[in-house]
Amino acid sequence: MKFNTALIVAGTILLNIAGIVTLSFLSSECGQAPFNTKIVGGEAAMAGAWPWQVSLHISCNGNLCYCGGSLINKDWVLSAAHCLFGTSDIMMYFGHLRRSGLNPHEAKRTASRIIIHPTYNNPKHDNDIALLQLSSSVTFTNYIRPVCLAAAGSKFAAGTETWVTGWGKLQSGGSFPDILQEVQLPVVSNSDCYNAYGGLVTNNMICAGLIKVGGKGPCHGDSGGPMVSRNGSLWIQSGIVSFAWVKCDDPRYPGVYARVSQYQDWIITNIASNPPRFVEFNNNGFRGSFNLFLFSISLTFSIIPFTFSLYLSS
């Protein structure tokens, strides 16, 4: 009886500990968008629908250039290398919906540090990824939250639903919108994308778009912004807007994005403290680091005492 009781007590304690840690991990701020209750592709977004979206205002030879980015924790933003190459004068806007007028939920920061991938290939846009450290931490709200990042080994099969957001031009040669835009696009297989671009696409890239249809996709000013997919209650960033060939709405060429899952080690290495959360994505579900391990522990220690209880009481 003492052995049975000890097992039950030990199992209960370990179950509670595992449950607390799991709950703490799963309640991470990343990938949550409380106001994203209704999404319509290719239209203006609602305030708070994409709380990790960042607007980058960059000084370009005396002019103002625009790019996008994504908030990945309270101190860091993820963007495209080609947006930041050769510049350090950047203002980042969070909780930003409109280019003009009042943004009541907005915060802004400068960059204290810019890290461009060391093997970024400027002409071909391979390894088109960069990190920006904020001048000071942002405070999370319902309008300012980090996105989860696709972990190494994530699988985004052709046809996977994704969403791309930004303030880029509405069409090639067109004007910039005032309100943040959102559009839904399917993932295009790397083989189809490779064929479309004549071999420019590498394994460090992921493609999305409406081949043979066109008319939807990122355009000038959207570079560096996030491509995300929803899995359960979490939004996971799979790509960073990198480039499109000839015209951004050309039906022959899908949009090309830096594949986030390829850079997990690089991102963690450069963010020594408080790394962002990586979540493995596949078409059958998702899992965050430790979740399955903790679930196994909690399940084991809940079953063992129950089994011994039945055995010793019989």
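Reading the values: the criteria
Residues numbered from 1 in each chain as written. Predicted model: local features only at pLDDT ≥ 70, side-chain atom pairs only at ≥ 80, totals over all residues. Heavy atoms only, no water. 1 Å grid on protein atoms, 1.4 Å probe; cavity = no way out; pocket = protein on both sides within 12 Å on 5 of 7 lines; lining within 4 Å. Points joined across faces, edges and corners; volume = space filled by probe spheres on them. Nonpolar A, V, L, I, M, F, W, Y, C, P; charged D, E, K, R; others polar. Helix = DSSP H or I, 4+ residues; strand = E, 2+ residues; numbered from the N terminus. Core = buried A, V, L, I, M, F, W, Y, C linked by side-chain atoms within 4.5 Å. Buried < 20%, exposed > 50% of the residue type's maximum accessible area, 1.4 Å probe, protein only. Contact = heavy atoms within 4.5 Å. Phe/Tyr/Trp six-rings, centres within 6.5 Å; stacked < 30°, edge-to-face > 60°. Pairing = 2+ DSSP bridges. pLDDT = per-residue confidence, 0-100.

Enquirer: Would you take a moment to explain empty space enclosed by the protein for this structure?
Expert: If a probe as big as a water molecule is rolled over the atoms, it shows which places are left empty. Using the criterion set out here, one finds two cavities of 30 Å³ or more in the structure. Lining the largest cavity are 17 residues, with Lys216, Cys248, Tyr253, Pro254 and Gly255 positioned closest to its centre. The class makeup of the residues in the lining of the largest cavity is nine nonpolar, five polar and three charged. Volume-wise, the second largest cavity comes out at about 40 Å³. Forming the boundary of the second largest cavity are His125, Asp126, Asn127, Asp128, Asn204, Met205, Ser242, Phe243, Val256, Tyr257, Ala258 and Tyr263. Of all the elements in the fold, those that place two or more residues in the lining of the second largest cavity are β13 (234-243) and β14 (255-259). Of all the elements, β14 adds the most residues to the lining of the second largest cavity, at three residues. The class makeup of the residues in the lining of the second largest cavity is six nonpolar, four polar and two charged.

Enquirer: What is the right way to look at the nonpolar core in this model?
Expert: Nonpolar side chains tend to gather and get buried jointly when the protein is soluble and globular. Core analysis: the biggest nonpolar cluster contains 50 residues, and Met92 and Ile267 have the highest contact counts within it. When residues of this core are assigned to their parent elements, the largest contribution, four residues, is made by strand β7 (residues 130-134). Beyond its immediate sequence surroundings of up to four residues, Met92 is in contact with Val54, Ser55, Leu56, Val77, Ala107, Lys108, Arg109, Thr110, Ala111, Leu132 and Leu134. In this structure, Cys148, Val164, Met227 and Ile236 belong to the second largest nonpolar core, which totals 17 residues.

Enquirer: What exactly am I supposed to notice about the packing of aromatic side chains here?
Expert: Both the distance between ring centres and the angle between the ring planes are used here to describe each pair of aromatic rings. Counted under the stated rule, the structure contains nine aromatic pairs. With a centroid separation of 6.2 Å and 70 degrees between ring planes, the pair formed by Trp50 and Trp52 is classed as edge-to-face. Of the two residues examined, Trp50 and Trp52, each falls in the buried class. With 6.5 Å between their ring centres and 45 degrees between their planes, Trp52 and Trp235 make a pair best called tilted. Taken together, the residues span a long stretch of sequence, with Trp52 in the loop between β1 (43-44) and β2 (53-60) and Trp235 in strand β13 at a distance of 183 residues. In this structure, Trp52 and Trp235 share a single accessibility class: buried. Here the aromatic cluster, defined as three or more aromatic residues joined through ring pairs, consists of Trp50, Trp52, Trp163 and Trp235.

Enquirer: How should I be thinking about the layout of surface pockets in this particular structure?
Expert: Reported here for the largest pocket is a volume of approximately 490 Å³. Lining the largest pocket are 30 residues, and of these His82, His125, His220, Ser223 and Ser242 sit closest to its centre. Listing elements by their share of the lining of the largest pocket, those giving two or more residues are β2, β3 (63-73), α2 (81-84) and β13. Split into classes, the residues belonging to the lining of the largest pocket amount to 18 nonpolar, ten polar and two charged. Here the second largest pocket is characterised by a volume of approximately 290 Å³. If you trace the second largest pocket, you find 20 residues lining it, with Lys169, Leu170, Gln181, Val183 and Gly217 closest to the centre. Sorting the residues of the lining of the second largest pocket by element identifies β9 (161-166) and β10 (181-188) as the ones contributing at least two each.

Enquirer: Mind showing me how you'd approach the pairing of β2 here?
Expert: Of all eight residues in β2, six are buried; the element is thus mostly enclosed. Here β2 runs beside β3; their pairing, made up of eight bridges, is antiparallel. Considered in β3, the bridge of Ser59 is made with Leu64. Following β2, the chain reverses through two residues before pairing antiparallel with β3; Asn61 in that reversal takes a positive phi of roughly 50 degrees.

Enquirer: What am I meant to see in the confidence of the model for the protein here?
Expert: Low pLDDT means the predicted atomic positions in that stretch should not be read closely. Put simply, the protein has an average pLDDT of 81, and 78% of its residues get 70 or more. Across residues 1-27, where pLDDT falls below 50, the model places 28 contacts with residues more than four positions away in sequence or in other chains. Residue range residues 289-314 is modelled with pLDDT below 50. Its contacts to residues more than four positions away, or to other chains, number 29 contacts.

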